[in-house]
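Breakdown of the fold
So the chains spell out like this:
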Amino acid sequence: MSGAKRRGARRPSMIDVAKHAGVSHQSVSRVLNAPETVHPDTRGRIERSMATLGYRRNSQARALKTQSTGLIGVVSQGDTDFGPTRMTWAIENAARQRGYATALSVVRDQRAETVESTLDFFLSHGIEGIVVITPVPALAEAAKQLSARVPLVLVTSGLWPAGNMNVAGIDQELGARRATQHLIDRGHRAIAHIAGPMDWFDARGRVVGWRQALAVADLSAPRMIRASGWTAEAGYDAAQQLFTGQPLPDAIFASNDFIALGLIRALSERGLSVPGDISVVGFDDVDAAGYFSPPLTTVRQPFEEAGRAALELLLDVSDGLTHVPNFISPELVERGSTDFHD
């Protein structure tokens, strides 16, 4: 990844080795983690540079390489919502593919003492590093206590690396811009947004992306409604506000697919068709999105790719590197819930 930098000025780092050997730090990492994948000449040059500089892996990195425990901790706040659940599965799958096991700790109570007990549990079982799935600021703040004592990666969309905290995730703002731009390209000009709970980083990012796309197109934001949750019921309830006192938009970007499902039901009850009267775009691409009525145009989140990126970042972090976050780009999936309007 780009943006890597040393944390310890006096101890030779992977970047020092890479510069000395004239290779990328990824090549150095492969020599440490999978030497058989590196050309013998390149591997020999890197190994000689390590010897010359006196490079030694830190204890956490050696444990990851030798798999003395082979155990990685995953912390989640325990939501059953689609995004955090899929991300947990993605990280577990990525770890298994690399030969590691995961231990999941659900932290619903995010007080300092609860997080501290989670860390003590992990350390007592020889955990090598921790990935924290943190969709809300409270868990991100609590995770700071972990970062000083063990290699740590936050999976989030609303933070930038700071201190010992390293960040991976999916670009929610880009996904929202693509959803909104799709509606603009279809000829829509009054594009409303039903936002998710605003204490979530994802919901905030999607609002920002929606506004950015409208601003670039020199369109005003006709209306934003805040849903009380991520469920179809919350989307249905939020949609009722569309019918009070203001002209209806000609398109709506919903902050997730379940909110979109409730919205479509509310529009149908009012005799409005999707996409004939109002186009609708969701976010997530849940497994059933193609079977909504109509099939839902939505933004697909690449959870598997993000899970792999989080794990690879954790392995690099254990070697003393920090990174500018490389948020994974989501993909627009076009289906039948959007249409052209004159």
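Structural notes, computed from the coordinates.

Calculation notes
Residues numbered from 1 in each chain as written. Predicted model: local features only at pLDDT ≥ 70, side-chain atom pairs only at ≥ 80, totals over all residues. Heavy atoms only, no water. Helix = DSSP H or I, 4+ residues; strand = E, 2+ residues; numbered from the N terminus. Contact = heavy atoms within 4.5 Å. Areas by Shrake-Rupley, 256 points an atom, 1.4 Å probe, with all protein chains shown as cover. Expected span 1.5 Å × (residues − 1). Buried < 20%, exposed > 50% of the residue type's maximum accessible area, 1.4 Å probe, protein only. Phe/Tyr/Trp six-rings, centres within 6.5 Å; stacked < 30°, edge-to-face > 60°. Axes fitted to C-alpha atoms, helices over the stretch in contact; angles between N-to-C directions. Parallel < 35°, antiparallel > 145°, perpendicular 65-115°, else oblique. Left-handed = near helix turned anticlockwise from the far one by under 90°. Nonpolar A, V, L, I, M, F, W, Y, C, P; charged D, E, K, R; others polar. Arc of directions from axis to C-beta. Core = buried A, V, L, I, M, F, W, Y, C linked by side-chain atoms within 4.5 Å. Domains from an automatic or database assignment. Pairing = 2+ DSSP bridges. Salt bridge = Lys/Arg side-chain N within 4 Å of Asp/Glu carboxyl O.

Let's talk about the overall build of the protein
Within the protein, the secondary structure is distributed over 12 helices and 13 strands. In the protein, the share of contacts with a sequence separation of at least 24, taken over all contacts with a separation of at least 6, comes to 73%. Accessible surface for the protein amounts to roughly 14900 Å². Of this, 49% is attributable to carbon and sulfur atoms.

Some thoughts on helix α9 (residues 201-216)
Between the first and last C-alpha of α9 there are 23 Å, a value that for 16 residues agrees with the 22 Å anticipated at 1.5 Å per step. Looking only at α9, the buried set comprises Phe201, Asp202, Ala203, Gly205, Arg206, Val207, Gly209, Trp210, Ala213 and Leu214.

A look at the packing of aromatic side chains
According to the stated counting rule, one finds 2 aromatic pairs in the structure shown. Aromatic side chains Trp200 and Trp230 sit 5.5 Å apart centroid to centroid with 70° between the ring planes, which places their arrangement in the edge-to-face category. Note that Trp200 is positioned in the loop between β7 (191-195) and α9 and Trp230 in the loop between β8 (224-226) and α10 (232-239), a separation of 30 residues in sequence. Judged on exposure class, the residue Trp200 and its partner Trp230 are both buried. Between Phe253 and Phe283, the aromatic rings sit 6.3 Å apart at their centres with planes inclined by 45°, giving tilted as the arrangement.

Observations concerning the packing of helix α8 (residues 172-185) against α9
Packing of α8 against α9 leaves a shortest axis separation of 7 Å and a crossing angle of 40°. The angle between the axes of α8 and α9 places the two elements in the oblique class. Considering the relative orientation of α8 and α9, their crossing is right-handed. Mapping the contact onto sequence places Gln172, Glu173, Ala176, Arg177, Thr180, Gln181 and Ile184 in α8 and Asp202, Gly205, Arg206, Val208, Gly209, Trp210, Gln212, Ala213 and Leu214 in α9. Looking at side-chain class alone, the contact of α8 with α9 contains 6 nonpolar, 6 polar and 4 charged residues.

Quick look at α10
Three or more residues of α10 are buried, namely Ala234, Gly235, Ala238 and Ala239. One face of α10 carries all of its buried residues, which in axial projection span an arc of 135°. In this structure, the buried residues of α10 make contact with β7, β8 and α11 (257-269).

Here's the deal with the nonpolar core
Residues Met87, Ile130, Val132, Leu152, Ile194, Leu263 and Val280 are the most contacted members of the largest nonpolar core, which totals 71 residues. Counting residues per element, this core draws most heavily on helix α12 (residues 303-317), which supplies 9 residues. Looking at this core, you find at least three residues from each of domain 2 (67-170 + 303-328) and domain 3 (172-301). Beyond its immediate sequence surroundings of up to four residues, Val280 is in contact with Ile252, Ala260, Leu263, Ile264, Leu267, Val274, Leu296, Thr297, Ser337 and Thr338. If you look at the next biggest cluster of nonpolar residues, it comprises 15 residues, including Ala176, Ala179, Val207 and Leu214.

Things to note about the sheet that holds β7
The pairing of strands in a sheet comes from backbone hydrogen bonds and takes either a parallel or an antiparallel form. Pairing within the open sheet is parallel, and its 4 strands lie in the order β8-β7-β9-β10. On the outer flanks of this sheet lie β8 and β10 (279-281), each paired with one strand and no other. Direction aside, neighbouring strands of the sheet carry axes that sit 20° apart on average. α9 rests against β7, β8 and β9 (251-254) of the sheet, and its axis sits at about 170° to β7. Packed onto the sheet, α11 meets β7, β9 and β10 and runs at close to 165° relative to β10.

Section: the sheet that holds strand β3 (residues 101-106)
Strand order in this open sheet of 5 strands is β3-β2-β4-β5-β6, and the pairing throughout is parallel. Both edges of this open sheet fall to β3 and β6 (166-168), since each of them pairs with a single strand only. Strand-to-strand, the axes of this sheet are offset by a mean angle of 25°, without reference to chain direction. Here 3 bridges tie strand β2 (residues 71-76) to strand β4 (residues 130-133), and the two strands are oriented parallel to one another. Within β4, the residue paired with Val74 across the bridge is Val131. Docked against the sheet, helix α5 (residues 82-97) engages β2, β3, β4 and β5 (152-155), running at close to 160° with respect to β4.

Digging into the pattern of salt bridges
Applying the stated criterion across every chain yields a total of 9 salt bridges. Between Arg335 and Asp285 there is a salt bridge whose closest N-O contact spans 3.0 Å. A residue pair is termed long-range when its members are at least 10 positions apart, and Arg335 in the segment after β13 (331-333) and Asp285 in the loop between β10 and β11 (298-300) qualify at 50 residues. The class of Asp285 is buried, set by a relative accessible area of 10%. Put simply, Arg300 and Glu331 hold a salt bridge, and the shortest N to O gap is 3.7 Å. Note that Arg300 is positioned in strand β11 and Glu331 in strand β13, a separation of 31 residues in sequence. Taken together, the shared-partner salt bridges connect Asp285, Arg300, Glu331 and Arg335 into one network.

Everything listed here is a matter of coordinates, which is why it stays silent on function.
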